[in-house]
Amino acid sequence: SPCYANKKAWITRDIFSDWFHKHFVLAAYAHCREAGLPVNCKILLFLDNCSAHPPAEILRKNVYAMYFPRNVTSSTLPCDQNILRIRKGKYKTLS
């Protein structure tokens, strides 16, 4: 996975957009193909409310963004990590 940052080590909307279109979307579609899902499968991306993240409307077709409510990232992070760990475990057993 590529690393991006500006001189102040902040992510910007341009950096996020470049990563999203050049890396995330391609990797997500490749994953869908490998999993035997249809070409137009729906992809869900969870985002926090970082100002660098664009409005959901400008993301690609078939890629949907869900934004966490403001100021909950630090309180939901442990829960998110556990949910993702369980999800990955279940996914690996299914594939």
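Source: prediction; values computed, not measured. (Residues numbered from 1 in each chain as written. Predicted model: local features only at pLDDT ≥ 70, side-chain atom pairs only at ≥ 80, totals over all residues. Heavy atoms only, no water.)

### Considering the pattern of salt bridges
Working step 1: Summed over all chains, the structure comprises one salt bridge.
Working step 2: One salt bridge connects K22 with D18, and the closest N-O pair in it is separated by 2.9 Å. With K22 and D18 both in helix α1 (residues 13-34) and four residues apart, the pair spans about one turn of that helix. (Salt bridge = Lys/Arg side-chain N within 4 Å of Asp/Glu carboxyl O. Helix = DSSP H or I, 4+ residues; strand = E, 2+ residues; numbered from the N terminus.)

### A word on a nonpolar patch on the surface
Working step 1: Where nonpolar side chains cluster on the molecular surface, the patch consists of L44, F46, Y64 and M66 and spans about 410 Å² of accessible area.
Working step 2: Taking relative accessible area as the criterion, F46 reaches 47% and is therefore assigned partly exposed. (Patch = residues over 30% accessible without salt bridge, like charges linked within 9 Å, V, L, I, M, F, W, Y side chains within 5 Å. Areas by Shrake-Rupley, 256 points an atom, 1.4 Å probe, with all protein chains shown as cover. Buried < 20%, exposed > 50% of the residue type's maximum accessible area, 1.4 Å probe, protein only.)

### Remarks on the nonpolar core
Working step 1: One finds F20, F24, V25, I43, L45 and V63 to be the most contacted residues of the largest nonpolar core, which totals 13 residues.
Working step 2: Elements that contribute at least two residues to this core include exactly α1, β1 (43-47) and β2 (63-67). (Core = buried A, V, L, I, M, F, W, Y, C linked by side-chain atoms within 4.5 Å.)

### Here we look at the state of the cysteines
Working step 1: Within this structure, the stated rule accounts for one disulfide.
Working step 2: Through a disulfide, C32 is tied to C41; the S-S separation comes to 2.4 Å. In this structure the cystine formed by C32 and C41 twists about its S-S bond by roughly 95°; its chirality is therefore right-handed.
Working step 3: The buried category is assigned to C32, whose relative accessible area is 6%. (Disulfide = S-S within 2.5 Å.)

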